[in-house]
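Here are the chains, one letter per residue:
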Amino acid sequence: MTQLSTQVSTLIATMLWLLCQAHLLQGQTPGRPAPAPAPAPTQTDQSPVLLAHYMPWYTARPFSDHWGWHWTMNHFDPTQIINGQPRIASKYQPLIGPYDSGDPDVLEYHLLLMKLAGIDGVIVDWYGLTDFRDYALLHTNTTRLLQQCERLRMKFVICYEDQTIPALVEAGRITANNRIAHAVAEINWLAQYWFRSGSYLKLDDKPVLLSFGHTGLTATEWSQCLQQLTKPVSYFSQDFRRDGAVGGFGWPAPQVGLLQVDRFLQEATKWPACIPAAFPRFDDIYQEAGTGNGYPQLPDDSGRTFQSTLTKALDSRSRIIQIATWNDWGEGTQIEPSREFQYRDLQYLQSIRYAPQQGPTVNDLRLPLRLLQLRKSAGTPETRQALDQIAQQLSRNELQPARDNLDLLK
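Residues numbered from 1 in each chain as written. Predicted model: local features only at pLDDT ≥ 70, side-chain atom pairs only at ≥ 80, totals over all residues. Heavy atoms only, no water.

Now for the pairing of strand β7 (residues 206–211). For β7, the tally of buried residues reaches five of six residues, placing the bulk of the element in the interior. Note: strand β5 (residues 155–160) against β7, three bridges, orientation parallel. In the strand pairing of β7, Cys-159 is matched with Leu-210. For strand β6 (residues 202–203) and β7, the ladder comprises two bridges, and the chain directions are antiparallel. Among the inter-strand pairings, Lys-202 is bridged to a residue of β7, identified as Pro-207. Linkage of β6 to β7, two consecutive antiparallel strands, is achieved through a turn of two residues, within which Asp-204 is found at a positive phi near 55°. In this structure, β7 lies alongside strand β8 (residues 234–238), joined through four bridges in parallel fashion. Its bridge partner being in β8, Ser-211 is matched across the sheet by Ser-237. Handedness of the crossover joining β7 and β8 through helix α7 (residues 219–228): right-handed. (Buried < 20%, exposed > 50% of the residue type's maximum accessible area, 1.4 Å probe, protein only. Helix = DSSP H or I, 4+ residues; strand = E, 2+ residues; numbered from the N terminus. Pairing = 2+ DSSP bridges. Right-handed = clockwise from strand over helix to strand, strands pointing away.)

In structure tokens:
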């Protein structure tokens, strides 16, 4: 019965993806026309691909009918307003307020912000296909995000949360003997669907795949899994290079401190490739939420933590760099604009990713918010069509027409 349930859940998820792809081909993505096919992104040695680690796990009213755990942690109530701000599970407040990860308007806002700051795409936390806990919702939200990446000409990569596998074993959804087969089936599903997208990032002609953490499959199990895939991948494991991996990817280590950045980069010189991490701080809410003791703080240092970790990542000459994170509000590692920091980190990114007078300006970082606000108030089909055109102009870096059209819609 457990294997049958997993197969049924996988079939449902596959049918959902096929339906969504059909909408894309027909230009029927909800509220959005289909774009021209995006050119397949390929990584070159000329400049690094800069990707932001993205969490698709937020549920919020009024888009959904309830507030999800990542805004409440079963402790905070976002309907309570304190000092003018909703009480959420974070020490910081999103500039647009707490949002829903399934909202296509919010996904558009995030991706256009990234593009204007010089970020090339996202690495998305993915919990697999099984309908267990909130995995199915995360899969749905990830599907919507990847559709928006295709529409807005952004790259994407999957970071597989293989900690889901022991959780499924413990719940009796799969057997312990089926751990490797389960992972193989999920990655083969990715190969059949998402890896084929023109937006999916490839390294040395193989799709890039990350796995997060060290409590899922063992190193031996991952080696066996990689050997059984239908198509090879450019696989990166967290913090160190497992057997069969191209290399490792970095991550904030609050219990070690900023020295971990130098240790990772030194070790990575022995690998064929690595994905170093840049991050602004680590300042979690776990102790206040009553979910644990929390972790030591990595200070923001008035933006210098982000600037120094990004500089070291760029100096490594790695072909891919990860920003950790775009929007993990619970751990305080976000560079998404906030009430506290505004656009500070995106302005810094923009200053080093675009040559002066040859790209978006600091003021252009405000354009996605204007677009989002107009989306939420748009009433007529003509207005929505005009907003779709502006989004496409921003995605193509046609900045002056986008500015002019936004001014017309004030």
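One pass over the structure, following the stated rule, counts 21 aromatic pairs. Centre to centre, the rings of Trp-189 and Tyr-193 are 5.0 Å apart; their planes meet at 40°, and the pair counts as tilted. Here Tyr-193 falls in the buried class, since its relative accessible area comes to 14%. Aromatic rings pair up to connect Trp-126, Tyr-160, Trp-189, Tyr-193, Trp-194, Trp-222 and Tyr-235 into one cluster. A cation sits over an aromatic face here: Arg-281 above Tyr-92, 5.3 Å from the ring centre. (Phe/Tyr/Trp six-rings, centres within 6.5 Å; stacked < 30°, edge-to-face > 60°. Lys NZ or Arg CZ within 6 Å of the ring centre and 35° of its normal.)

This next bit is on the packing of helix α12 (residues 367–377) against helix α13 (residues 381–395). One can describe the packing of α12 onto α13 by two numbers: an axis separation of 10 Å at closest approach and a directional angle of 160°. The angle between the axes of α12 and α13 places the two elements in the roughly antiparallel class. Judged by the twist between their axes, the crossing of α12 over α13 is left-handed. Listed contacts from α13 to Leu-367, Leu-371, Leu-374 and Arg-375 of α12 are Arg-384, Leu-387, Asp-388, Ile-390, Ala-391 and Leu-394. Residues belonging to the contact of α12 with α13 are distributed by class as follows: seven nonpolar, no polar and three charged. (Axes fitted to C-alpha atoms, helices over the stretch in contact; angles between N-to-C directions. Parallel < 35°, antiparallel > 145°, perpendicular 65-115°, else oblique. Left-handed = near helix turned anticlockwise from the far one by under 90°. Contact = heavy atoms within 4.5 Å. Nonpolar A, V, L, I, M, F, W, Y, C, P; charged D, E, K, R; others polar.)

Time to look at the environment of Arg-61. Inspection of the secondary structure assignment puts Arg-61 in the loop between β1 (49–54) and α2 (69–72). On a C-alpha basis, the gap between Arg-61 and Thr-79 in space is 9.5 Å, while along the polypeptide they are 18 residues apart. Those residues in contact with Arg-61, other than ones at most four positions away along the chain, are His-66 and Trp-67. Separated by 2.8 Å, the side chain of Arg-61 and the backbone oxygen of Asp-65 make a polar contact. (Polar contact = N/O pair within 3.5 Å; in protein donor to acceptor, adjacent residues only side chain to side chain.)

In this model, helix α4 (residues 135–151) (17 residues) spans 24 Å end to end at C-alpha, consistent with the 24 Å of a helix rising 1.5 Å per residue. Summarising burial for α4: 13 of the 17 residues are buried, a large majority. Of the residues one or two after α4, Arg-153 is the one with positive phi, at around 65°. (Expected span 1.5 Å × (residues − 1).)

What follows deals with the pattern of salt bridges. Evaluation of the coordinates by the stated rule reveals 21 salt bridges. Taken together, the salt bridges that share partners define one network made up of Asp-103, Asp-105, Glu-108, Arg-151, Arg-375, Lys-376 and Asp-388. (Salt bridge = Lys/Arg side-chain N within 4 Å of Asp/Glu carboxyl O.)

As a further point, take the confidence of the model for the protein. Chain-level statistics for the protein give a pLDDT mean of 91 and a share of 89% at 70 or above. Taken together, the stretch residues 1–45 has pLDDT below 50 and engages in 72 contacts with residues farther than four places along the chain or on a different chain. (pLDDT = per-residue confidence, 0-100.)

Attention now goes to the packing of helix α3 (residues 104–117) against α4. When two helices pack together, you describe them by how their axes are tilted relative to each other and by the distance separating the axes. For the pair α3 and α4, the least separation of the axes is 10 Å and the interaxial angle reads 50°. The pairing of α3 with α4 is recorded here as oblique in orientation. The handedness of the crossing between α3 and α4 comes out as right-handed. Along the contact surface, α3 presents Pro-104, Leu-107, Glu-108 and Leu-111, while α4 presents Arg-144, Leu-145, Gln-148, Cys-149 and Arg-151.

Below, the discussion takes up the pairing of β1. In terms of residue burial, β1 counts as a mostly covered element, since six of its six residues are buried. Residue alternation in β1 divides its side chains into two sets, Val-49, Leu-51 and His-53 and Leu-50, Ala-52 and Tyr-54, and both sets are buried. Bridge analysis of β1 against strand β4 (residues 121–126) gives four bridges, and the strand direction is parallel. When the bridges of β4 are listed, Tyr-54 appears paired with Val-124.

A separate point is the side chain of His-70. Relative to the elements of secondary structure, His-70 occurs in helix α2. Overall, the relative accessible area of 15% leaves His-70 in the buried class. A distance of 3.5 Å separates polar atoms of two side chains, one belonging to His-70 and the other to Trp-57. Excluding anything up to four places from it in sequence, His-70 contacts Trp-57, Tyr-58 and Ala-89.

Residues apart from glycine generally show negative phi values, whereas peptide bonds are mostly found in trans. For the bond from Arg-61 to Pro-62, the omega torsion is 0°, close enough to zero to count as cis. The peptide bond linking Ala-324 to Thr-325 adopts the cis configuration, its omega dihedral lying at 15°. The topology assignment puts Thr-325 in the loop between β11 (320–323) and α11 (344–353). The backbone of Arg-153 shows a phi angle near 65°, a positive value even though the residue is not glycine. Here Arg-153 shows up in the loop between α4 and β5. For Arg-153, a relative accessible area of 25% translates into the label partly exposed. Residue Arg-317 is not a glycine yet carries a positive backbone phi of 65°. Residue position: Arg-317 is located in the loop between α10 (304–315) and β11.

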